[in-house]
Amino acid sequence: MTSRSILIVEDESLIAMMLEDFIDSLGHTVAGTEDTVDGALAKAQAGGFDLAILDVHLHGKACWPVADALADRDIPFILATGGHTEEPPERHASAPVLSKPFTLNGIEQAIDSAA
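Residues numbered from 1 in each chain as written. Predicted model: local features only at pLDDT ≥ 70, side-chain atom pairs only at ≥ 80, totals over all residues. Heavy atoms only, no water.

Things to note about the overall build of the protein chain
Tallying secondary structure elements over the protein chain gives 4 helices and 7 strands in all. Relative to the 2.2 N^0.38 estimate, which gives 13 Å for 115 residues, the radius of gyration of the protein chain is 12 Å and therefore close to what a compact globule would have. Expressed as a percentage of the 115 residues in the protein chain, the buried residues total 48%. A separation threshold of at least 6 residues defines the contact pool for the protein chain, and within that pool the share at least 24 residues apart is 64%. For the protein chain, the accessible area works out to roughly 5800 Å², and carbon and sulfur atoms hold 47% of it. For the protein chain, the separation between the mean place of its 6 positive charges and that of its 19 negative charges on side chains is 6 Å. (Helix = DSSP H or I, 4+ residues; strand = E, 2+ residues; numbered from the N terminus. Rg over C-alpha atoms; globule rule 2.2 N^0.38 Å. Buried < 20%, exposed > 50% of the residue type's maximum accessible area, 1.4 Å probe, protein only. Contact = heavy atoms within 4.5 Å. Areas by Shrake-Rupley, 256 points an atom, 1.4 Å probe, with all protein chains shown as cover. Lys, Arg positive; Asp, Glu negative; His and termini not counted. Charge placed at Lys NZ, Arg CZ, Asp CG, Glu CD.)

Digging into helix 4 (residues 104-114)
For helix 4, the full list of buried residues reads Gly106, Ile107, Ala110, Ile111 and Ala114. Buried residues of helix 4, viewed axially, fall in a sector of 130°; they line one side. Where helix 4 is buried, its residues touch strand 1 (5-9), helix 1 (13-25), strand 3 (51-55), strand 6 (77-81) and strand 7 (97-99). (Arc of directions from axis to C-beta.)

Let's talk about the pairing of strand 3
Successive residues of a regular strand alternate their side chains across the two faces of the sheet. By the criterion of burial, strand 3 is predominantly enclosed, with 5 of the 5 residues buried. With 4 bridges joining them, strand 3 and strand 6 adopt parallel strand pairing. Bridging from a neighbouring strand, Ile53 pairs with Ile78 of strand 6. (Pairing = 2+ DSSP bridges.)

Let's talk about the confidence of the model for the protein chain
Summarising the model, the protein chain shows a mean pLDDT of 93, and 97% of its residues fall at 70 or more. Across the protein chain, strand 1 holds the top mean pLDDT of 98, while strand 7 sits lowest at 90. (pLDDT = per-residue confidence, 0-100.)

Below, the structure is given as structure tokens:
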């Protein structure tokens, strides 16, 4: 297994903390957390991580500008959703989807799929 540096983009702090614990348990490193589209865009443009877990809705805003920025830099990402029913834009249709509630096994599979 290759250890990866993972950015968490999640607007619910308890879920972000749980993701941090799961990522650590799987032997990966947390590159940081962001909870807004603007903050996540800045991190995406700066880079310095291997992949991102990207919540589809951040404080009522869609994550697609962040997904676009990540794709433009060839940084893989996982779409995390708690009931997202609309299809992602065609550009991101092949991104792995991680449904809430998260499980350790589900996160591990999504990371493997994204990488």
